[in-house]
Amino acid sequence: MADEQELRDHSGSVEGSRADNEHTLVRVLFVTDEASEQEIPSALGASDRLDVYTVGSDEVLDRLGELDVDCLVSEYRLSEGDGLGVLADVSREYPGLPFVLVTDEIREGLADEALSAGAADVVHLSHSDETALLVHRIRSVVDGQESGRHEKLHRIYHALETTQEGIALLDEDGTFEYVNQAYADLYAYDPEEMLGLHWRAIYPDDEVDRVADEILPSVDEGGYWSGETTGLRADGTTFDEQHSLSKTADDGLICTVRDVTEQKRQRELVDYYRSVVEDVFGESDVGVFIVDSSGRVAWTNRTTERYFGLEETPVEGRSMDELVDESLKPQVADPAAFAEGVAAASEDDTSADDEFEVRVLPKSGRAERFLEHRSQPIQSGEYAGGRLELYYDVSERKQREQALRETEERLEAAMTVGSVGTWVWDVTENDVVGDAALADLFGIEPELAQEGISLETFLQSIHEDDRDRTATAIQRALDTGNEFETEYRVYNSEGAIRWVLARGEVEYDDGEPVRFSGALTDITERKRTEGQLEETAARLERSNERLRTLNDLSTLVQDITQTLIARGDREGIERAVCEALVGSDLYTAASIGEVAPEDGTGTLRASVTKHGTFEDSHTVTALESEAAMRAIRTGAVQVVREIDESDESDESAAWLTQARDHGDRSAVMVPIGYEETSYGVLTLYTTRTNPCHTQERTVVRRLGEVIGHAINGVETKQRLFADTVVELEFSSADPTFFFNTVSAELDCTVRLNDTVRNRDGDFVYYVTVETGAVDDVRAVFDRMDAVNGARLVSEDSDDECVFEISITGKSIGRTLAEQDAKITTAVSEQGTTRLTTTIGPQSDVRTVVDAINARYANTEFTARRETTRSDPEVRNVFDENLTDKQRSAVQAAYHSGFYSWPRESTGEDVAESLGISAPTYHQHLRAAHRAILSELVEGDDEERPDDETE
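Residues numbered from 1 in each chain as written. Predicted model: local features only at pLDDT ≥ 70, side-chain atom pairs only at ≥ 80, totals over all residues. Heavy atoms only, no water.

Draft legend 1. Region of the structure containing the packing of helix 26 (residues 738–746) against helix 27 (residues 774–783). The geometry of helix 26 relative to helix 27 is characterised by a closest axis approach of 10 Å and an angle of 135° between their N-to-C directions. With respect to helix 27, the axis of helix 26 lies oblique. Crossing of helix 26 against helix 27: the hand is right-handed. Listed contacts from helix 27 to Phe 738, Thr 741, Val 742, Glu 745 and Leu 746 of helix 26 are Asp 776, Val 777, Val 780, Phe 781 and Arg 783. (Axes fitted to C-alpha atoms, helices over the stretch in contact; angles between N-to-C directions. Helix = DSSP H or I, 4+ residues; strand = E, 2+ residues; numbered from the N terminus. Parallel < 35°, antiparallel > 145°, perpendicular 65-115°, else oblique. Left-handed = near helix turned anticlockwise from the far one by under 90°. Contact = heavy atoms within 4.5 Å.)

Listed below in C-alpha cells is the structure:
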C-alpha cells in the first residue's frame, strides 16, 4: 500500500516536492568487489547529500530486498561478470530503480550499450577525487526520477479527489490509509478524520457482523466483492450504499461506495403503488398488462394469465412484442389481426381507448372466450410513457348477440308461416262474416261466424286492455278511408291469449261506408320472439354499461387512492373522496357521515353534489335509514333503488324526497371501516336505475376499506402526536385475561412492559413476571389456547424474568386498538389486573368502556383523567418520524433485549415474533434508527437531505 499512501503524502505541488528533495539524503547502494578497492564508495559516503551502502555483486538482490534505496550504482569491472550483468538482473526485479554505471575504461560503445539496457547514466571516473561529479550525476538522476513520479502521483490524486464515487484504501489491518472527499462526505467525516480509523466505525453493529462473516471472506477467496450494505455516518444515521471491494497485492483493500438510498426509496414507492394496483385489479375480472416506457411488461394480474393460459409462462420483464408473438398469438383465432391491433394501440400516444375484440381459442380445461381490448397511455408516475392494456370478458355479450341474430331469423320464419283468417263486415247491416280460422282465433262457433254476427260480439273476444284502442282504430278507418292496420290480443277457442295483426279496407257507396273486409294473421310467435329480442337487447346494453362503469370506477378508485396518500386529516380525506366521486360521470352526489351506536343518530361530515345543493338536515336522514344501519351492521354494500317511485313522505325519509327532486333514481350505501372500527357510511347517488352489480359492488366495498384505512392512519397519528391524552383506569378479575391466570396460579406479580403489533394484526406482549420459576411460567403460558408462543427473553438474580408472548385473536390489545386506544400500564396480582389505557382527547370514553366490558367479565371502570405527555418533543420524534412498522421494530428490539450486551435476542428472534423475515426486520430497524437520529441531531434543518428525513 506504499504507493497509495504516497497519494496523500504527495498531494502538494510538484515544485514543492522538488524543493524538499534538495534537503533530503539520497540512499545509494554501491556495487563493488574488494574492500581494498572502495575508494569511490568511501568518497561518496563523505558527501552530506548521499547515504551510501556497499554490496558485492552476488548479494545485490538480497540487499535490495532489505533496504529502501533511491539509486543503484555499480562499477563496470567486477570479479564475476560486469556492471551490465548487474543491470540486467536488477531490471527484472526492480524495473523502476535508477541505475548508474561507473567505469574507468574508455571503451567505444559502452555508454550506448548501458543506456540501451536501461541505465539512467554512465559516468567515467579516472580518479577517486572526481567523486563530486558522480555525486552531482547521481542527484540529477534521482531528482529527475522523483519529479516524474510526483507528476504521475499528482495526476492520479487529482482524479481520485474529483470523482463522484467514494474511494478509499485500507491496509491489511482494515484501517483507512486514504479516502477521497466523496468517500468522506458519504460518512459525514473530514478526510483527515478517517485516516487511521478502522472500517468497523462506519457500519452499524448488525452490518459489522455481516461484513466480517460474509463479505471479507468472499473478498479473500475471490479477490473481489460487490453488493449493497448499510453505512453508518459520523452522526449515527445510516444509509443504503452500493459497495465494491478489491484486494491489493499487499492484502489491503480498495473500496468504492455510492449512496443508493434514493434509488431504494423509489423502488419501495413503486412497490407501494403496485400493491394499490394489485388491490384494485388483483382479483378483478378484467385482465391487466402494465407496459413500461421501454415496451416491457411491468405487471400483470392472474386474470390475464387465466384468460390467455399464461399460468406457467414468465410474463413480467418480457418485451410486449415478444410476448404477443410467442405466447399470445397462438391462443387467439386471428393471430395477425390481434398482433396488428396491439401494435396499433402501442403506437397511439393519445388518451383515447384503442378498442378491438379478440376471440381466445378453447384449450384443454379452458372454454372459448371473447375479450374486448382497451388501451390507454400512462401519463405520469413510475410508468409514464408506457400503456395500460385491459382485457374485458365480453363472452356473455357475444352469446347474446348470437341469440339476437337467431331470434331475428325465427321472427322472419314466423312472419312467413303465420296463420291467417278473413272477415267481411256489412257496415249497413252490422253483420260480420268470418271463416273458420277467424272463428277459432276469436273463440266463436264457426257456424255463427259463417252466418254472420255483430261487430260488438267480435269486439268482446278482444283483450280488455286492447278493446277500446281497436274499436277506435276501426272507427278511424271508417271516418278517413285509410287502410286499417293494427295489432291486438284476442281470447281463442281454448281461452288462450293470441296476438293478431289485422289489415283491412273500407268500401264506400256515395260517400258512405258500406263494406269493411280484411284478414288477420296470428303473430303470437313473432310477438314472443320480439319480446325475447327486446329483453336480449336490454341485457346486452346492461352488460355493456356495466363494463363501462367497471372500467371508469376502477380508474376512479386508483385516482382516489393516490389522492388519500397526501391527505393528513380526516376532513380532507372525506372531502376529497366525495369530490372525486361526484367529479366522475358515475354519481351525481356523495356524502359521508357517522351514526351514533347508542341511539342511531346521524352526523353529516362531508357532502358534495354535481348540480344544485343538498340540505344537510335532509342528508342526515339517509344515515339514519335502515339501509345505512344495515350497511354498518353487516359490513356489506346496500342499494336503494327506484327512489323516484318511493311514496315515503315522513321526516325520516326526507333524504329520499331530496334525492328524487335532485333527479336521482338510486342510492348506494358503502360502509367505511378499518378492521372492527366503523367510520360511518359513504352514500352515493346516481341516475342509474340498477347500479352496483356484483363487480361494481366489490370495487366500492374496497373503496370503503381504503377510506377507512386512510382515516385510521391519520387519527392514529393525531392521537400519537397529541400532547394531552385521556387516561382510563380499569380493574379486571376476568380469569380469561392471561395476566390474571399467571398471577393467580403462581402467586406472583405480572407487569406489562409494552405491546407490539405483528404483521397479522395480532399483538405481541412483553411482560415481566416476578418469580424465579421460569419453567412454571412457561408451562402456564403453554396451557393457554390464546397464546401462540411464549419466548423467554431474560432472567436475572432478582427472581424476575421477561417473556415475549404472542396472542392470537381478540386480546386486550386488539380490543383497545379497535377503539383507537393503547395500553400504557398493566399490573396483575392475585388474579386481578389494574389496567391503564390512553385515548385521544376527542375519543369517546363510553365506547371504550363498553368494548372492554363486553369482552371481559368482572371488569370495573375506576378512573378517568386528562394528562400531559412527559417530554412530548422527544416522544413526537419517535411517533412522528416513524411508520407503524418502524415503531414496532424499535419497540420489539428494545423490549426483547436486542440492544442489551450481550444481546438477549437476535434480529432473527425479533423478526420471527413479528411474523416477518430477518432482512425485512433489519430494514425497518435501520430506517427507524436513521429517522430518529436524523431528527434528534439535525432537528428542523431545511437543508437536510431527503433521505435523512424519511
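Draft legend 2. Quick look at the nonpolar core. Tyr 765, Val 767 and Phe 781 are the most contacted members of the largest nonpolar core, which has 36 residues in total. Residues contacting Val 767, with those up to four places away along its chain left out, are Phe 739, Val 750, Arg 751, Leu 752, Asn 753, Phe 781, Cys 801, Val 802, Phe 803 and Ile 805. By size, the runner-up hydrophobic cluster in this structure holds 32 residues, among which are Val 557, Leu 564, Ile 672 and Ile 711. (Core = buried A, V, L, I, M, F, W, Y, C linked by side-chain atoms within 4.5 Å. Buried < 20%, exposed > 50% of the residue type's maximum accessible area, 1.4 Å probe, protein only.)

Draft legend 3. Structural detail: the environment of Val 358. Among the secondary structure elements, Val 358 is positioned in strand 13 (residues 356–360). Residue Val 358 is classed as buried on the basis of its relative accessible area, which comes to 6%. Contacts of Val 358, omitting those with residues within four sequence positions, involve Val 332, Phe 338, Arg 369, Phe 370 and Leu 371.

Draft legend 4. How the structure looks around the pattern of salt bridges. Taken as a whole, this structure holds 55 salt bridges when the rule is applied. Salt-bridge contacts for Arg 630 lead to Glu 626; the nearest nitrogen and oxygen are separated by 3.5 Å. One end of the pair is Arg 630 and the other is Glu 626, both in helix 23 (residues 626–634) and 4 residues apart, which spans about a single turn. With a shortest N-O distance of 3.7 Å, Asp 754 and Lys 822 are connected by a salt bridge. (Salt bridge = Lys/Arg side-chain N within 4 Å of Asp/Glu carboxyl O.)

Draft legend 5. Summary view of empty space enclosed by the protein. Applying the stated rule across the entire model yields 4 cavities of 30 Å³ or more. Space inside the largest cavity adds up to approximately 190 Å³. Elements with a contribution of two residues or more to the lining of the largest cavity: strand 16 (420–426), helix 16 (436–442), helix 18 (455–460), helix 19 (464–480), strand 18 (484–491) and strand 20 (512–522). Residue contributions to the lining of the largest cavity peak at 3 residues, all from helix 18. (1 Å grid on protein atoms, 1.4 Å probe; cavity = no way out; pocket = protein on both sides within 12 Å on 5 of 7 lines; lining within 4 Å. Points joined across faces, edges and corners; volume = space filled by probe spheres on them.)

Draft legend 6. Structural context of the packing of aromatic side chains. Evaluation of the coordinates by the stated rule reveals 23 aromatic pairs. Here the aromatic rings of Phe 308 and Phe 338 are separated by 6.2 Å at their centres, their planes lie at 40°, and the arrangement is tilted. Note that Phe 308 is positioned in helix 12 (residues 302–308) and Phe 338 in helix 14 (residues 335–347), a separation of 30 residues in sequence. For Phe 308, a relative accessible area of 0% translates into the label buried. Residue class for Phe 338 comes out buried when judged on its relative accessible area of 2%. Taken together through their ring pairs, the aromatic side chains of Phe 737, Phe 738, Phe 739, Phe 763, Tyr 765, Phe 781, Phe 803 and Tyr 856 make up a single cluster. Over the face of the ring belonging to Tyr 392 we find Arg 374, whose NZ or CZ atom lies 4.9 Å from the ring centre. Between the NZ or CZ atom of Arg 855 and the centre of the ring of Tyr 856, over which it lies, the distance is 4.7 Å. (Phe/Tyr/Trp six-rings, centres within 6.5 Å; stacked < 30°, edge-to-face > 60°. Lys NZ or Arg CZ within 6 Å of the ring centre and 35° of its normal.)

Keep in mind these values describe shape, not function.
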